[in-house]
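Next come the chains, spelled out residue by residue.
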Amino acid sequence: MTEVKQGQQPTPPGQSTWWAGLKQKFPILNKKRGVALVVALMILPLFGLLGLLALRNRGGGNSGGTASGANGQELITDDTYFYGQSEPVYPSPQMTGAGVWADAYSKARDFVGQLTIEEKVSLASGDISSTGSSGTVNGCSGNIAPIPRLNFSGLCLTDAGQGVRATDFVSGFPSGIHVGASWNTALARSRAESMGLEFRVKGANIALGPVVGPLGRVVRGGRNWEGFAADPYLAGVLASETVLGVQSQGVITSTKHFILNEQETNRQPTGNAEAVSSNIDDKTMHEVYLWPFQDAVRAGTGNIMCSYNRVNNTYGCANSKTQNGLLKTELGFQGAVTSDWGALHAGVASAMAGMDMVMPNSDLWGDRLTEAVHNGSVPEDRLTDMATRIIASWYQMKQNEDFPKPGVGMPPDLTKPHTIVDARNTSSQKVLLDGAIEGHVLLKNINNALPLRKPKMLSVFGYSARSPDQWNYKADGGIAAWTFGGESAYLGRDTNAGFSGEYYNDFSQIAPNGTLYCGGGSGAVTPASVNSPFDALNARAFDDRTAVFWDFFSPEPDVAGSSDACLVIVNALASEGYDRPGLHDDYTDGLIRHVADRCNNTIVIFHNAGARLVDQWIDHANVTALIFAHLPGEASGRALVSLLYGDANPSGKLPYTVAKNESDYEHLLGPDLPEGQFERFPQSNLSVEGAYVDYRHFDARNITPRFAFGFGLSYTAFNYSNLRVARRTGANADAYPTGAVRQGGAEDLWDVLATVSADVANVGRVDGAEVAQLYVGLPGAGEPVRQLRGFAKPFVNASSSATVDFDLVRRDLSVWDVAAQKWHLQGGEYKVYVGGSSRDLPLQGSLTI
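What counts and how
Residues numbered from 1 in each chain as written. Predicted model: local features only at pLDDT ≥ 70, side-chain atom pairs only at ≥ 80, totals over all residues. Heavy atoms only, no water. Helix = DSSP H or I, 4+ residues; strand = E, 2+ residues; numbered from the N terminus. Buried < 20%, exposed > 50% of the residue type's maximum accessible area, 1.4 Å probe, protein only. Contact = heavy atoms within 4.5 Å. Areas by Shrake-Rupley, 256 points an atom, 1.4 Å probe, with all protein chains shown as cover. Polar contact = N/O pair within 3.5 Å; in protein donor to acceptor, adjacent residues only side chain to side chain. Axes fitted to C-alpha atoms, helices over the stretch in contact; angles between N-to-C directions. Parallel < 35°, antiparallel > 145°, perpendicular 65-115°, else oblique. Left-handed = near helix turned anticlockwise from the far one by under 90°. Phe/Tyr/Trp six-rings, centres within 6.5 Å; stacked < 30°, edge-to-face > 60°. Pairing = 2+ DSSP bridges. Salt bridge = Lys/Arg side-chain N within 4 Å of Asp/Glu carboxyl O. Nonpolar A, V, L, I, M, F, W, Y, C, P; charged D, E, K, R; others polar. Disulfide = S-S within 2.5 Å.

(A) Structural detail: the overall build of the protein chain. When its secondary structure is counted, the protein chain shows 19 helices and 29 strands. When each of the 849 residues of the protein chain is scored for burial, the buried share is 64%. For the protein chain, long-range pairs separated by at least 24 residues make up 79% of all intrachain contacts whose partners lie at least 6 apart in sequence. Here the protein chain has roughly 29600 Å² of accessible surface; of this, 50% comes from carbon and sulfur atoms.

(B) Quick peek at the side chain of Ser508. Position of Ser508 relative to the elements: it lies in the loop between α15 (493-499) and α16 (533-544). A polar contact is formed between the side chain of Ser508 and the backbone oxygen of Ile510, at a distance of 2.7 Å. Not counting residues up to four positions away in its chain, the partners in contact with Ser508 are Tyr490, Arg493, Asp494, Leu573 and Pro581.

(C) Region of the structure containing the packing of helix α4 (residues 102-112) against helix α13 (residues 380-396). Closest axis-to-axis distance for the α4/α13 pair is 8 Å, and the angle between their directions is 130°. When the axis of α4 is compared with that of α13, the two are oblique. Both α4 and α13 take part in a crossing whose hand is right-handed. Of α13, the residues touching α4 (which contributes Ala104, Tyr105, Lys107, Ala108, Arg109, Phe111 and Val112) are Thr384, Ala387, Thr388, Ile391, Ala392, Tyr395 and Gln396.

(D) Quick look at the packing of aromatic side chains. One pass over the full model with this rule turns up 29 aromatic pairs. Both rings, one in Tyr463 and one in Tyr587, keep their centres 6.2 Å apart while their planes meet at 45°; by these two values the pair is tilted. Placement of Tyr463 in the loop between β11 (457-461) and α15 and of Tyr587 in helix α17 (residues 586-596) is noted, with a sequence separation of 124 residues between them. For Tyr463, a relative accessible area of 3% puts it in the buried group. Residues Phe707 and Phe711 carry aromatic rings whose centres are separated by 5.7 Å and whose planes lie at 10° to one another, so their mutual orientation is stacked.

(E) Up close: the sheet that holds strand β23 (residues 787-792). Here four strands make up an open sheet; going across it, the order is β23-β22-β28-β29 and the pairing antiparallel. Each of the sheet's edge strands pairs with one partner strand only, and the pair in question is β23 and β29 (843-848). Averaged over all pairs of adjacent strands, the angle between strand axes in this sheet comes to 25°, irrespective of strand direction. Bridge analysis of strand β28 (residues 829-835) against β29 gives six bridges, and the strand direction is antiparallel.

(F) Region of interest: the pattern of salt bridges. Per the counting criterion, the structure on display carries 38 salt bridges. Between Glu576 and Arg223 there is a salt bridge, and its shortest N-O distance comes to 3.2 Å. Here Arg223 lies in the loop between β3 (206-207) and α8 (232-247) and Glu576 lies in the loop between β13 (565-572) and α17, a separation of 353 residues in the sequence. Grouping residues by exposure puts Glu576 and Arg223 together as buried. Across the pair Arg466 and Asp469 runs a salt bridge whose closest N-O atoms are separated by 2.7 Å. On the basis of relative accessible area, Arg466 is assigned to the buried category, the value being 10%.

(G) How the structure looks around the packing of helix α7 (residues 185-201) against α8. At a minimum axis distance of 7 Å, the contact between α7 and α8 shows a crossing angle of 35°. Read as a crossing pair, α7 and α8 show a hand that is right-handed. Together, Thr185, Ala188, Arg189, Arg191, Ala192, Glu193, Met195 and Gly196 of α7 and Val237, Leu238, Glu241, Thr242, Leu244, Gly245 and Val246 of α8 make up the contact between the two elements. Tallied by class, residues from the contact of α7 with α8 come to seven nonpolar, four polar and four charged.

(H) Structural view of the pairing of β11. Within β11, five of the five residues are buried, which leaves the element mostly enclosed by the surrounding structure. Alternating residues of β11 divide into Met457, Ser459 and Phe461 and Leu458 and Val460, and every residue in both groups is buried. In the sheet, β11 pairs with strand β12 (residues 547-551) via five bridges, with the strands oriented parallel. Residue Phe461 lies in a different strand from β12, and its bridge partner there is Asp551. Sheet topology note: the β11/β13 ladder contains four bridges and is parallel. By the bridge assignment for β13, Phe461 is matched with Val568.

(I) Representation of the state of the cysteines within the structure. Within the structure shown, the criterion is met by three disulfides. Between the sulfur atoms of Cys306 and its disulfide mate Cys317 the distance is 2.0 Å. The disulfide joining Cys306 to Cys317 has a torsion of about 105° about its S-S bond and is therefore right-handed. In this pair, Cys306 is assigned in strand β6 (residues 303-306) and Cys317 in the loop between β8 (314-315) and α10 (320-330), connecting sequence segments 11 residues apart. No difference in accessibility class separates Cys306 from Cys317, as the two residues are buried. In this model, Cys566 is linked to Cys599 through a disulfide, with the two sulfur atoms separated by 2.3 Å. Across the S-S bond of Cys566 and Cys599 the torsion is about 100°, and the bridge reads as right-handed. Taken as a pair, Cys566 in strand β13 and Cys599 in the loop between α17 and β14 (602-608) lie far apart in primary sequence, 33 residues in all. Both residues of the pair, Cys566 and Cys599, count as buried. For the protein chain, the disulfide bridges join cysteines in the arrangement 1-2, 3-4, 5-6, where the cysteines are counted in sequence order.

(J) Representation of the pairing of β23 within the structure. Buried residues dominate β23, accounting for six of its six residues. One ladder, built from five bridges, connects strand β22 (residues 772-777) with β23; its direction is antiparallel. Bridged to Tyr775 within β23 is Leu788.

(K) Representation of helix α18 (residues 636-644). Of all nine residues making up α18, eight are buried, and the element is well covered by its neighbours. Within the span of α18, buried status applies to Ser636, Gly637, Ala639, Leu640, Val641, Ser642, Leu643 and Leu644. Where the residues of α18 are buried, they touch α14 (428-438), α16, β13, β14 and β15 (623-628). In the segment just after α18, Gly646 is the residue with positive phi, at about 80°.

(L) Examining the environment of Ser278 more closely. With respect to the helices and strands, Ser278 occurs in strand β5 (residues 277-279). Of the residues examined, Ser278 reaches a relative accessible area of 4% and is grouped as buried. Sequence separation of Ser278 and Val311 is 33 residues, and the distance between their C-alpha atoms is 4.9 Å. Apart from residues no more than four positions distant in its own chain, Ser278 is found in contact with Leu260, Asn309, Arg310, Val311, Asn312, Ser684 and Leu686. Within the structure, the side chain of Ser278 is placed 2.8 Å from the backbone oxygen of Leu260, a separation counted as a polar contact.

(M) Inspection of helix α5 (residues 117-124) at higher detail. Summarising burial for α5: six of the eight residues are buried, a large majority. For α5, the full list of buried residues reads Ile117, Glu119, Lys120, Val121, Leu123 and Ala124. Looking at the buried residues of α5, the elements they touch are α4, β1 (142-144), α12 (367-374) and α13.

(N) Summary view of unusual backbone geometry. Each neighbour pair has its own omega, and for Gly209 with Pro210 the value is 10°, a cis peptide bond. Its location among the elements puts Pro210 in the loop between β3 and α8. Here the amide bond leading from Lys256 into His257 is cis, since omega sits at -5°, within 30 degrees of zero. With respect to the element layout, His257 can be found in strand β4 (residues 252-258). With a phi close to 60°, Asn266 is a non-glycine residue in the positive phi region. If you trace the backbone, Asn266 turns up in the loop between β4 and β5. Positive phi values are uncommon outside glycine, yet Gln821 reaches one of about 55°. Within the secondary structure, Gln821 is located in the loop between β26 (814-817) and β27 (822-825). Taking the relative accessible area as the measure of exposure, Gln821 reaches 35% and is therefore partly exposed.

As structure tokens, then:
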């Protein structure tokens, strides 16, 4: 059974035939498509062999078929063609209250037991919404109505994973990609705690983040910057810390986007085309894309957001395999599944497939859901489970105890007089600055270019050095520039187009009107104050009595040859709603070369929302340093200056791979497009590469990257030595886990089976932190040569050393067994590597199981 797009209707009264009875039980039979499906099922055995042969030609992606009539393949015009490609998993599992959820579950059952059907539906159906500044109740992205008679004040759901968006008196935290580049779990937790506090003070019950989908399969993906890394292990660890930190403040996290939301192009139905289908096999799903969601569920995330795309040709929010099967059964998820905004395409089908709450609202739920329960299309116990999961999360975070009124600090119109609720806390200032600092990655530094030492003359070029000309609220709502992170990028022009489904416009690769504090879309930040690189540079120059020249506009500026250093500060833009048109642009590359031709100490700084190619100028003799500054949030300028002048030592490392050429990424470079027989049903086949994404792809193809995954320089140097690998005494090394399912899956998946340790010595003259990385090569044919399975970031004083320790749990050492439907711990030799990046691993050992 697959997704049914239309809403389900009750059977008209007075029909008593067997056919009418069937139509009442299966409302799809009221449609011609339903009749066609019954006929098809009746004759299916006769055409079984032909069906199997046809499946060969349904590979998706760019190899899926040809235009109508070509090679005998006709344009597919009805999605009945895809029925059966996503495995049906029914019924939707009811919440069990297992483990730490027991008390919240008991309270939720008592609460929901007092509700009418209509009240249960109100919990599942979004009320008046405010995306940005278009609401009337408050400024929340979405709302669940209160139930006053039971003292339930409702729920405010609001963006996003980098902090509270679209309101005043909040902070702008570093974006997900910036946190990923820090490789710092403690800092990720502190950031999340500070963010969670601001969500709480503003009356946000559910924070719409963190993001672990997209993972980053598509290098030009428009939303990669919202996530942490193009590696499931790193993304999962940082997502776990984020969930724990935000929820420690009593705010529910909505981990998103579940699942395989790997491209923006055709993310939603547009014109004659349905949303893109991410097609995947079971092994790749578990070992790559489900992995970080599993970590978030184990950390206790109270909410999961289902995605816009289709999965194996069933819409994500109506996919019973992913929601009922993977999430609620295998991972033991106890919370509620909420739709992305406008992602509901089937009323009854989505309810039965495990979705629990629609946002911002929908004609397919609300009164229609009430009707479906009354006519039996949706069993009342399914509705009861929806309500129970929603309320259990509310109790689990103790939001029944002195939580602020939903949306109390988020007025619907900031231009009108309102009570100011300042969510910022002085304790967050260090987190904002440290987080911004540690997400910068130093990629080149020759001739002692950095750190700067009180230069006499400094020249500053580039459009990303200064603040945008405008930082202002727009009262009439819509996809406003300030609201959605577009102030620097043609006032949100491209983000607006992408939100309107215009996926194929001539989008800009840069934000030319000022620096990037974040990317565009619902993950943007709207901090109360910002500090641009030029703001901070000017302040430092004043203290040092440095002469400063600048030109932020000309592609061929005059360059003072006597400058001690020339800073070129530029950016690479990305936004929700569309995928990046490329990984380099001629304007920026030309500007860098122009300055480098005239200045023998040219330092390039990129505010980049993803990978950015540099080979047009990286080997230029006068380009002495390169920093990927990513998306630092409000403390951007202060963080950059502290690094440029050596007040802080760079310690960030890349959470993705930078290639020498776009072609090195092969088909992973850009999104899959609708074409051939799948023009109306775009297909993206993730099984083509399987687990070989990012550095695994480069390893498998033996391609030398420009900058490897995990690479980053420091103002000091580190040596590795003394690798120790040991089996944990008494650890169960049976082939399959046998533990009970708790949140996150079988509980013995987290048993420590082995430990690895190594020594890291600072052999330079500057104190600093080093990200030590552990990679494991699993036995068996077809596995990546190495996969990240641990990291640690000790701060080591000059001429000192530190020991890093890594635990390897059962899941770390297992592969997904499709036949057994379990994680399989294989016998054999496991390769162990420790070093400073995925391509710099001086310590090598082995582990035998």
